[in-house]
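So you can see what is in the structure, the chains are spelled out below.
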Amino acid sequence: MTAKYINHNFELKDQGTSNFVESDNFARHRWYYYKEGFSPNLVRSAIESRELTSEHIILDPFNGSGTVTLTAAEQYIPSVGIEVNPFTAFVAKTKTLNTNPKVLSKLFEETYENAILGRKYSQLEKYSTFTELSGKDKWLFNLDVLRSFYGGYSYLENHRSNASKMLRLALINSIMNVSNARKDGKCLRYKSSWKKLKFSKRDFLMEFEKQYRKIKEDIEHTIIKSSPKIYNSDSRSILKKQNLNFDLIVTSPPYLNTFDYTDIYRPELFLGKFISSSEELYKLRLKTVRSHVQAKWKTPKSDYIDSLILKDVYQRLMSNKELLMHPRIPQMVLAYFEDMKGVFYQLSQKANKHAHLWMVVSNSAYANSEIPVDLILADIATKHGWKLREIGVLREIRKRKTKYSPDIDTLRESVIILEKK
Ligand SMILES: C[S@@+](CC[C@H](N)C(=O)[O-])C[C@H]1O[C@@H](n2cnc3c(N)ncnc32)[C@H](O)[C@@H]1O
């Protein structure tokens, strides 16, 4: 596998398709801003390139907030999504639900009343850094905001309807918008003026009303006729067990960047009661692709290196250990590609004849050297059931120079396009 497969003039280059920014303009996609998502336009391009119809099936084994499943549903194409994080799987499912706008309005009014009343006490208020009552010097939510959130959320727990799910999502979105911290790369960073901002219950209620109006407008104008099947599960295991078949896969796995999504989405996981203890969070972390270093996941087989490019990368990392930000990075790199090898193999077993696979990834930088993740993945895929068509460059991402990789200031983000052998 060499750089000659890289198409620097790919038609989607610099069109903003590899990030979620433009999704905020699309009905339903805008119900939750998922920073790690890509654009529906990328999915549409893949669908158009295959001329898919309602007779075909699309799969996304790393479905995140469900951009693929929602875009497929909008085009009446059956689809399947797999997502390990229960909160993001909930986002993906909820975005494809329908309900009567009058039912939604009535439930909104009742929920709003309950959010005004709030709760006298909520379980999370003393836990970790959730509110000032935790005794820490920084906290994610001001107490009256969290109590108001639970006033509404607890009320909805007695309702099982689609409208209730939509409003739960709106509540979580609203409280995150008035949080004292924001998502920044792999962590939550406190806003510089968070103490002065003094987010209040009133700000939260205004956000809730805004989110509700968006949802109402979208359900009035869009009806989803083909509901996707979404599994809240680990792709690495479910692909082995489940009887699936498909004609197109569009996906973006976690990048090899040490981000732990379960940590970044920890507030949402706890707020929405998708998990209730740090033990459960840790178990979830172990089900994710090994692209991070904090959890003690299974050590990769050290004798397994299926790609000469990977071998070279591994040796470079091992000989520059002093430049690594964490000693487990070489292991993580091997573990990541071991996981992805299994995924490629399972996908090839389930794919229909001539199926295509579009995989969006970004390169990484460790020990001051760029890791060509796209080339390594393409190399591995071609040994496990796939033929490479091309690697289309989507953009060069600007990267903050760090003391570990002082010479690297851009990283290639690309889409690997494969065809079943
Ligand atoms: C880059 S994001 C995908 C974003 C998606 N394309 C979208 O537009 O919302 C990668 C997703 O893979 C999920 N993930 C990580 N490990 C997984 C696993 N073992 N099985 C299924 N999903 C996993 C993460 O939780 C994350 O949501």
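Residues numbered from 1 in each chain as written. Predicted model: local features only at pLDDT ≥ 70, side-chain atom pairs only at ≥ 80, totals over all residues.

Visitor: How would you sum up the sheet that holds strand 2 (residues 58-60)? Please name residues and give values.
Guide: On the basis of which strands lie adjacent, the open sheet formed by 8 strands has the order 1-11-12-8-7-2-3-6 and mixed pairing. The sheet terminates laterally at strand 1 (6-7) and strand 6 (229-232), the two strands that pair on one side only. Both strand 2 and strand 7 (residues 246-251) contribute to a ladder of 2 bridges, which runs parallel. Across the sheet, residue L59 finds its bridge partner in strand 7, namely I249. Sheet strands touched by helix 3 (residues 86-94): strand 3 (79-83) and strand 6. Its angle to strand 6, the strand with the most contacts, is close to 170°. (Pairing = 2+ DSSP bridges. Helix = DSSP H or I, 4+ residues; strand = E, 2+ residues; numbered from the N terminus. Contact = placed C-beta atoms within 7 Å. Axes fitted to C-alpha atoms, helices over the stretch in contact; angles between N-to-C directions.)

Visitor: Tell me about the nonpolar core, and name the residues and values.
Guide: Nonpolar side chains in soluble globular proteins tend to be buried together. Counting residues in each nonpolar core, the largest one holds 65 residues, and the members touching the most others are I58, F246, V333, L377 and I416. Ranked by residue count, the leading element in this core is helix 14 (residues 329-350), at 11 residues. In this structure, L377 is in contact with M340, M359, V361 and I416, ignoring residues within four places of it in sequence. Counting 45 residues, the second largest nonpolar core, distinct from the first, contains A92, L104, Y212 and L271. (Core = buried A, V, L, I, M, F, W, Y, C linked by C-beta atoms within 7 Å. Buried ≥ 20, exposed ≤ 12 C-beta atoms within 10 Å, placed from the backbone.)

Visitor: So, the domain arrangement of the chain: which residues are in play, and what are the values?
Guide: Assigned domains of the chain: these are domain 1 (3-85 + 226-259 + 294-420) and domain 2 (101-221). Each of domain 1 and domain 2 has a C-alpha centre, and these two points are 32 Å apart. Each partner contributes to the interface: domain 1 provides 8 residues, whereas domain 2 provides 8 residues. Residue composition of the side of domain 1 that touches domain 2, by class: 4 nonpolar, 1 polar and 3 charged. (Domains from an automatic or database assignment. Nonpolar A, V, L, I, M, F, W, Y, C, P; charged D, E, K, R; others polar.)

Visitor: Requested: an account of the site of the ligand, with residues and values cited.
Guide: Within the structure, the ligand sits among 23 residues, and G37, F62, G64, S65 and T67 are positioned closest to it. Among the elements of the structure, strand 3 and helix 9 (235-241) are those that each provide at least two residues to the shell around the ligand. Residues belonging to the shell around the ligand are distributed by class as follows: 9 nonpolar, 9 polar and 5 charged. (Near = placed C-beta within 6 Å.)

Visitor: How would you explain the pairing of strand 12 (residues 410-420) if you had to name every residue and give the values?
Guide: The element strand 12 is largely enclosed, with a buried count of 8 among its 11 residues. Pairing between strand 8 (residues 351-362) and strand 12: 7 bridges, direction antiparallel. Across the sheet, the residue bridging to S362 is E413, located in strand 12. Looking at chain direction, strand 11 (residues 386-398) and strand 12 are connected through 11 bridges and run antiparallel. By the bridge assignment, R395 is partnered in strand 12 with E413.

Visitor: Which residues make up the pairing of strand 8, and what are the values?
Guide: Pairing between strand 7 and strand 8: 5 bridges, direction parallel. Looking across to strand 8, one finds that T251 is bridged to M359.

Visitor: Could you give an account of the packing of helix 6 (residues 162-177) against helix 8 (residues 201-221), naming the residues involved and the relevant values?
Guide: It is the contact of helix 6 with helix 8, at a shortest axis distance of 8 Å, that shows an interaxial angle of 135°. Taken as axis vectors, helix 6 and helix 8 run oblique relative to one another. Every pair of crossing elements has a handedness; the one defined by helix 6 and helix 8 is right-handed. Facing helix 6, whose interface residues are M166, L167, A170, L171, N173, S174, I175 and N177, helix 8 presents F204, E207, F208, Q211, Y212 and I215. In the contact of helix 6 with helix 8, the residues fall into 9 nonpolar, 4 polar and 1 charged. (Parallel < 35°, antiparallel > 145°, perpendicular 65-115°, else oblique. Left-handed = near helix turned anticlockwise from the far one by under 90°.)

Visitor: Before we move on, could you go through helix 13 (residues 308-319) and cite the residues and values that matter?
Guide: For helix 13, spanning 12 residues, the distance from its first C-alpha to its last is 17 Å, which sits close to the expected 16 Å at 1.5 Å a residue. Residues I309, L310, V313 and L317 constitute the buried set of helix 13. Buried residues of helix 13 fall within an arc of 95° about the axis and therefore sit on the same side. In helix 13, the exposed positions that point more than 90 degrees away from the buried face belong to L308, K311, Q315, M318 and S319. For helix 13, the elements touching its buried residues are helix 14, strand 9 (364-366), strand 10 (369-371) and helix 15 (373-382). (Expected span 1.5 Å × (residues − 1). Arc of directions from axis to C-beta.)

Visitor: Give me the lowdown on helix 2 (residues 67-74), citing residues and values where you can.
Guide: Of all 8 residues making up helix 2, 8 are buried, and the element is well covered by its neighbours. On the buried face of helix 2, the contacting elements are helix 1 (40-50), strand 2, strand 3, helix 3, strand 6 and strand 7. One or two residues past the end of helix 2 sits Y76, with phi positive at roughly 60°.

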